[in-house]
Amino acid sequence: MQHPATDRRIDKLIYLLVKNAPVDVPGPKIASHIGVSVGTVWKYVEKLRSLGVEIKGHLATGYQLTKLPDILAPSLIRTELGDNAIGGKILHYFRVDSTNTAALALAATGAAHGTVVLAEEQTAGRGRLGRNWYSQKSSGIYVSVILRPELSPAAAPALTLMAGVAAHRAISSATRLAVDIRWPNDLLVNGKKVCGILTEMSAELGRLHYVVLGIGINVNHRAMPDELKPIATSLRIEGGRNYSRAQILVTLLKELEKHYRILLDDGNAAIMRAWAEASTFANGKNIRVRSSSEEFPAVTAGLDSNGALRIRREDGTEESLVSGEVVEVK
């Protein structure tokens with residue numbers, strides 16, 4: 001069952017409290033400003049408190065934020081985006097099965113280019129190769145972006161790499177951690193995954209109708225489930241402190257806008273160069289390749305013009321890898 005998008009009046013409440021953070025805002029004033037009853041204001045405040053937003057006071061005395069919330073409220077995100085087309089419209093969910101599923105449904109009914117779907121929690125987050133994406137409540141960034149590029153379906157791999165470069169820039173600049181990209185779209189810190197990207201689309205011969213880029217970032221998770229600890233981590237675990245999810249998201253959306261324009265204006269080659277500069281997997285990396293039919297060792301040898309990974313097998317033959325999983329061999 002799909003959960004409803006967050007009521008815009010809750011978004012208005014968050015914005016009002018943030019803009020009046022040093023003072024108490026009376027319940028009746030909030031009710032008048034956002035267009036609800038005083039009783040509904042109380043319900044909204046309790047909802048936000050359940051998500052960890054620190055609000056003191058009550059209806060009689062007014063409400064005040066004790067610290068700025070790390071909640072991905074559209075009104076707070078949009079004001080930081082300037083004239084970005086990506087993020088021009090933002091739909092927020094407290095809980096959703098998958099932001100990609102929601103975004104695909106919106107795209108199929110005509111949602112505009114740049115529409116962003118984000119959630120505080122996913123109950124059925126999806127990753128590559130049919131895997132689930134662990135989506136702890138209010139700890140990560142779970143976001144999907146609808147793009148409507150005038151490109152052919154052959155450009156899809158370049159769009160995925162573009163998203164990887166944008167996420168790499170955003171995480172690196174916000175945390176100062178050393179971030180690597182494993183082909184095609186896994187972001188790693190100290191060899192463990194902190195970010196994954198799932199690209200889905202609707203297309204016909206020669207034309208893309210729309211593309212949905214789903215990006216999941218493990219931000220403030222204090223620990224990963226036991227089964228994921230050997231392969232996944234969070235920015236908090238690696239950096240030893242909490243990071244602002246809102247700051248990282250704003251930077252990510254700006255970087256997506258920038259690199260999407262680079263792809264359209266300068267073509268695949270510019271994105272391939274940026275990806276190769278950001279990834280230690282681009283050249284000379286000893287790897288194991290896993291596909292549905294085989295597993296074998298190889299050495300990476302750059303990207304081809306379409307974004308496929310060039311690899312060299314043990315017998316010296318080279319080929320382009322268009323799908324499958326790559327694991328570093330140390």
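These figures come from a predicted structure and were not determined experimentally.

What counts and what doesn't
- Residues numbered from 1 in each chain as written.
- Predicted model: local features only at pLDDT ≥ 70, side-chain atom pairs only at ≥ 80, totals over all residues.
- Heavy atoms only, no water.
- Helix = DSSP H or I, 4+ residues; strand = E, 2+ residues; numbered from the N terminus.
- Contact = heavy atoms within 4.5 Å.
- Expected span 1.5 Å × (residues − 1).
- Buried < 20%, exposed > 50% of the residue type's maximum accessible area, 1.4 Å probe, protein only.
- Patch = residues over 30% accessible without salt bridge, like charges linked within 9 Å, V, L, I, M, F, W, Y side chains within 5 Å.
- Areas by Shrake-Rupley, 256 points an atom, 1.4 Å probe, with all protein chains shown as cover.
- Salt bridge = Lys/Arg side-chain N within 4 Å of Asp/Glu carboxyl O.
- Lys, Arg positive; Asp, Glu negative; His and termini not counted.
- Charge placed at Lys NZ, Arg CZ, Asp CG, Glu CD.
- Phe/Tyr/Trp six-rings, centres within 6.5 Å; stacked < 30°, edge-to-face > 60°.
- Lys NZ or Arg CZ within 6 Å of the ring centre and 35° of its normal.
- Pairing = 2+ DSSP bridges.
- Right-handed = clockwise from strand over helix to strand, strands pointing away.
- Axes fitted to C-alpha atoms, helices over the stretch in contact; angles between N-to-C directions.

### Side note on the side chain of Glu-255
Take Glu-255: it is sitting in helix α8 (residues 245-266). Dropping the residues within four chain positions of it, Glu-255 is found in contact with Ala-166, Arg-169 and Ala-170.

### A look at helix α1 (residues 8-19)
An ideal rise of 1.5 Å per residue puts 16 Å on twelve residues; α1 measures up with 17 Å between its terminal C-alpha atoms. When α1 is considered as a whole, its buried residues turn out to be Ile-10, Asp-11, Leu-13, Ile-14, Leu-16, Leu-17 and Val-18. Tucked into the core, α1 has its buried residues touching α2 (27-34), α3 (38-50), β1 (55-58), β2 (62-65) and α4 (74-78).

### Quick look at α8
In this model α8 runs 31 Å from its N-terminal to its C-terminal C-alpha over 22 residues, within 8% of the 32 Å that 1.5 Å per residue would give. Positive phi appears at Gly-267, one or two residues downstream of α8, with a value of about 90°.

### With respect to a positive patch on the surface
Positive charge collects at one region of the surface, where Arg-8, Lys-12, Arg-78 and Lys-89 lie side by side. Tracing the sequence through the fold places Lys-89 in the loop between α4 and β3 (90-93). The class of Lys-89 is partly exposed, set by a relative accessible area of 46%.

### Some points on the packing of aromatic side chains
Here the distance between the centres and the angle between the planes together describe a pair of aromatic rings. Counted by the stated rule, this structure contains zero aromatic pairs. The ring of Phe-281 is capped by Lys-285, whose NZ or CZ atom sits 4.8 Å from the centre of that ring. The side chain of Arg-313 reaches across the aromatic face of Phe-296, ending 3.7 Å from its centre.

### As for the pairing of strand β4 (residues 116-119)
Here β4 shows no split at all, with Val-116 and Leu-118 on one side and Val-117 and Ala-119 on the other all buried. Judged from the four bridges that link them, β3 and β4 form a sheet pairing that is parallel. In the sheet register, Leu-91 faces β4, and the bridge partner there is Val-117. Considered for its hand, the β-α-β crossover made up of β3, helix α5 (residues 99-108) and β4 is right-handed.

### A short note on the sheet that holds strand β13 (residues 318-321)
Pairing between sheet strands relies on hydrogen bonds along the backbone, with the strands arranged either parallel or antiparallel. Read across the sheet, five strands follow the order β13-β12-β11-β10-β14 without closing on themselves; strand pairing throughout is antiparallel. Edge positions in the sheet fall to β13 and β14 (325-328), since each of these pairs with one other strand and no more. Averaged over all adjacent pairs, the angle separating strand axes in this sheet is 45°, with direction ignored. Note that strand β12 (residues 309-313) and β13 share four bridges and pair antiparallel. What sits directly across from Ile-311, in β13, is Glu-319.

### With respect to the pattern of salt bridges
Inspection of every chain in the model, using the stated rule, returns 18 salt bridges. Two residues, Asp-7 and Arg-9, come together in a salt bridge whose shortest N-O distance is 2.7 Å. Taking relative accessible area as the criterion, Arg-9 reaches 33% and is therefore assigned partly exposed. Bridged by salt links that share partners, the residues Asp-70, Glu-120 and Arg-245 form one connected network.

### Observations regarding the environment of Ala-108
Looking at where Ala-108 falls in the secondary structure, it is placed in helix α5. What makes Ala-108 exposed here is its relative accessible area of 55%. Sequence-wise, Ala-108 and Val-326 are 218 residues apart; in three dimensions their C-alpha atoms are separated by 32 Å.

### What to know about the sheet that holds β4
The strand order across the open sheet formed by seven strands is β3-β4-β5-β9-β8-β7-β6, and the pairing between neighbours is mixed. Looking at the sheet topology across the chains shown, the edges are occupied by β3 and β6 (179-182). Looking at each pair of strands side by side, their axes are set apart by 15° on average, direction ignored. Sheet topology places strand β5 (residues 141-147) next to strand β9 (residues 207-217); seven bridges connect them, and they run antiparallel. Bridged to Ser-144 within β9 is Gly-214.

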